[in-house]
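# Structural overview for review
Spelled out from the first residue to the last, the chains are:
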Amino acid sequence: MKKILVVDNHPLILQFMVNLLKKRGYEVLTVLDGLSALDILKDYIPDVIFIDLVMPNIDGKRLCQIIRKNPDLRDTYIIILSSIVAEEGINLEEFGADACIAKGPLKKMAENILAILDKIEKKELERSPEVLGIEGIIPREITKELLWVKKHFEIILSSMSEGILEITPTGRIVYANPFALSLICKTEEELLGLDFISLFAQEDRQRIKSLLEAASIAPQKISEEAPVILNNKQIILTFLPVKDEEHNSIIVILVDITEKKQMEARLLQAQKMEAIGTLAGGIAHDFNNLLMGIQGHISLMLMKMDVSHCYFKHLKAIENMVKRGAELTKQLLGFARKGKYEVKSINLNEIIENCLEMFGQVRKEINIHKNFQKDIWLVEADRSQMEQVFLNLFVNAADAMPKGGELYVETKNIVFNDVDIKTLPFKTRPGDYVKISITDTGIGMDEATQQRIFEPFFTTKERGRGTGLGLASVYGIIKNHEGFITVYSKKGKGTTFNIYLPASKKGIQKEKTSSKEILKGNETILIIDDEEEILKVTAEMLKSLGYKVIMANDGKEAIEIYQKNKKDIQLVILDIIMPGMNGKEVYETLRTIDPKIKVIISSGYSFNNQINEILKQECVAFIQKPFSLKELSQIIREVLDKK
């Protein structure tokens, strides 16, 4: 005896089918919708299934396609039984159906149903595009219009960039648009009929269950602001109850905010780093001013002291500590992105090679592997800062491999186009870049550590072994060179730092060689600085070199002095950070008085935008505090002797 399943939401049709088929000795089961049919088909394998096309809770077309992909039902015949075949063409192959019968007069329907079953019994049924029983059925305009509206909405739903699900009041999924399928990472056949709550992580399920219960009761939209996790994506859910006299369902809108949240996190991190950078830069500036006072007095004392004096070695020790303090502030300024000194076109392969040679001499337990691109593009960078970057990263890698390990260093030319930059984890411009990759086989880092490694003073080393400034300065230096740095690491799997620096079109520029002597002179110099102690000690240093000195402790006073004495003043030493008129404003005013004025910019900061603008002018140089007597003497002669 053949087993038959009838799926139709019209009770009269179901009763008609039961009466017709049972009289012929068939075993008949009936269900009102596609979802109920799927439940039955889990344990029941019918020989023939009659399916209506228009039904709630999974329509006939989708039900046919799901059945056809079930290997247990591959021998089951599917017969479409529909009232809309006169208005909508039926593609049996697309549906996976074997035949189609038009709903119409019951007598005619019965004849066609029995004729089909007879062919199945005799194994003579062949798939045909012909619709049985369509003769005499006149297409209805209202049905055409409704089908057009349905098709219109299906196109809209298919093109939406939000996931749309329809679920029953009990939480079973009966519809999913393409975007929902991509979010959930399941095919339509796999998804339809599943419990909606089961898609989510255990910790989110109770919250979703409560929202579903509320949506089943409340007639209005329910939105949940806090995202839930779905396949490692952050999803915002909105529930829209749909109710009429016969059916209840809930439309669920799924909005993927993963990228938005990542962008917000990156923005927040950038703002945090910017704020810390501003603080770090201010501290470094003030600290350099303090060191300048100490360095100035030491330089004056050492100039007049014989090497054999009992205090000479103590003063030299203090001077060395000042230099160490200046190195620390240099790293702080590097992080604060106020530390780019002398920018030239340089070959990074040469710099990395030199740094590796120096590093390899002291860390012989580490095996170094190099893979340098031969024709590496040049980059516009400060040589000493690039050395600082690479040495910091090499030392960091060595600290992660206390028992030795492998260090891989690679350079290569890469091009980012408009498409590439959209996939990068940072914001940049398209163009030519040099990529430097530094990989170690050390202990690696967890996600929490990776989030903080570029923050100043953050360190995982034991107390006394690290300042927490190394990677912070690396981050700041690379950002200040308009580059980017990323880190990839796993606990116990090692770490990779990737650096990207914009390529330069210029040729290599040679380094200047400086004199080792203290150079003297007899010109008149105007010093402008708001720090009284720095003003005094710099004046003493200049006098010891033979210069005549005029002092001003703010911009307004300096301009008045220069207007009265411009014929006698051959050079101005100008602090850039001052209250009231800042250094840039003072410089611009002095230039209106004398366009050929010679100026040395002095600052506890290193290069910034203000200084860069001024340095584009002729006869302008820069010296960073703290500076020694020798450094001061040489830069003065360099500017004064320039023709």
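Residues numbered from 1 in each chain as written. Predicted model: local features only at pLDDT ≥ 70, side-chain atom pairs only at ≥ 80, totals over all residues. Heavy atoms only, no water.

- Per an unreviewed UniProt entry, the recorded name for the protein chain is histidine kinase, and the organism is Desulfofervidus auxilii.
- On record in UniProt, under Catalytic activity (unreviewed entry), the comment for the protein chain is "ATP + protein L-histidine = ADP + protein N-phospho-L-histidine." (UniProt positions renumbered as here; feature names shortened; annotations may be inferred.)

## Things to note about helix α21 (residues 629–640)
- If you check α21, its first and last C-alpha atoms are 16 Å apart, about what 12 residues at 1.5 Å a residue would give, namely 16 Å.
- Burial runs high along α21: 9 of the 12 residues are buried.
- All buried positions along α21 are accounted for by Leu629, Leu632, Ser633, Gln634, Ile635, Ile636, Arg637, Val639 and Leu640. (Helix = DSSP H or I, 4+ residues; strand = E, 2+ residues; numbered from the N terminus. Expected span 1.5 Å × (residues − 1). Buried < 20%, exposed > 50% of the residue type's maximum accessible area, 1.4 Å probe, protein only.)

## Observations concerning the packing of helix α17 (residues 532–544) against α21
- Between α17 and α21, the shortest axis-to-axis distance is 11 Å and the interhelical angle comes to 70 degrees. The angle between α17 and α21 places the two elements in the roughly perpendicular class. Helix-helix and strand crossings are classified by hand; for α17 and α21 the assignment is right-handed. Contacts from Met541, Leu542 and Ser544 of α17 reach α21 at Leu629, Leu632 and Ile636.
- A per-class count over the contact of α17 with α21 returns 5 nonpolar, 1 polar and no charged. (Axes fitted to C-alpha atoms, helices over the stretch in contact; angles between N-to-C directions. Parallel < 35°, antiparallel > 145°, perpendicular 65-115°, else oblique. Left-handed = near helix turned anticlockwise from the far one by under 90°. Contact = heavy atoms within 4.5 Å. Nonpolar A, V, L, I, M, F, W, Y, C, P; charged D, E, K, R; others polar.)

## Describing the nonpolar core
- Counting residues in hydrophobic clusters, the biggest one holds 54 residues, and the most contacted among them are Leu165, Phe196, Leu237 and Phe239.
- Each of domain 1 (3–132) and domain 2 (141–259) accounts for three or more of the residues forming this core.
- For phenylalanine 239, the contacting residues outside a window of four places in its chain are Phe196, Leu211, Leu212, Ala215, Gln220, Lys221, Ile222, Ile250, Ile251 and Val252.
- Residues Leu356, Ile376, Val389 and Ala398 belong to the second largest nonpolar core, which totals 37 residues. (Core = buried A, V, L, I, M, F, W, Y, C linked by side-chain atoms within 4.5 Å. Domains from an automatic or database assignment.)

## Examining the sheet that holds strand β2 (residues 27–31)
- Here 6 strands make up an open sheet; going across it, the order is β2-β1-β3-β4-β5-β6 and the pairing parallel. Each end of this open sheet is capped by a strand with a single partner; those strands are β2 and β6 (131–132).
- Pairing of strand β4 (residues 77–82) with strand β5 (residues 99–102), which is carried by 4 bridges, proceeds in the parallel orientation. Bridge pairing in β5 links leucine 81 to isoleucine 101.
- Relative to the sheet, helix α1 (residues 11–23) contacts β1 (3–7), β2, β3 (48–51) and β4, its axis offset from that of β2 by approximately 175 degrees. (Pairing = 2+ DSSP bridges.)

## Focus: the packing of aromatic side chains
- Scanning the model with the defined rule gives 5 aromatic pairs in all.
- Where phenylalanine 196 meets phenylalanine 239, the ring centres are 6.3 Å apart and the plane angle is 90 degrees; that geometry is what we call edge-to-face. Residue phenylalanine 196 is located in the loop between α8 (188–191) and α9 (202–217), and its partner phenylalanine 239 is located in strand β11 (residues 233–243); the two are separated by 43 residues in the primary sequence.
- Classification of phenylalanine 196 by relative accessible area gives buried; the value is 0%.
- The buried category is assigned to phenylalanine 239, whose relative accessible area is 0%.
- Aromatic pair phenylalanine 416 and tyrosine 500: ring centres 5.6 Å apart, planes at 45 degrees, arrangement tilted. Taken together, the positions of phenylalanine 416 in strand β16 (residues 405–416) and tyrosine 500 in strand β19 (residues 494–502) put the pair 84 residues apart, joining distant regions of the chain.
- Given the relative accessible area of 8%, phenylalanine 416 is considered buried.
- The rings of Phe196, Phe200 and Phe239 are connected pair by pair, giving a single aromatic cluster.
- Its end group placed over the ring of tyrosine 44, lysine 3 keeps NZ or CZ at 5.3 Å from the ring centre. (Phe/Tyr/Trp six-rings, centres within 6.5 Å; stacked < 30°, edge-to-face > 60°. Lys NZ or Arg CZ within 6 Å of the ring centre and 35° of its normal.)

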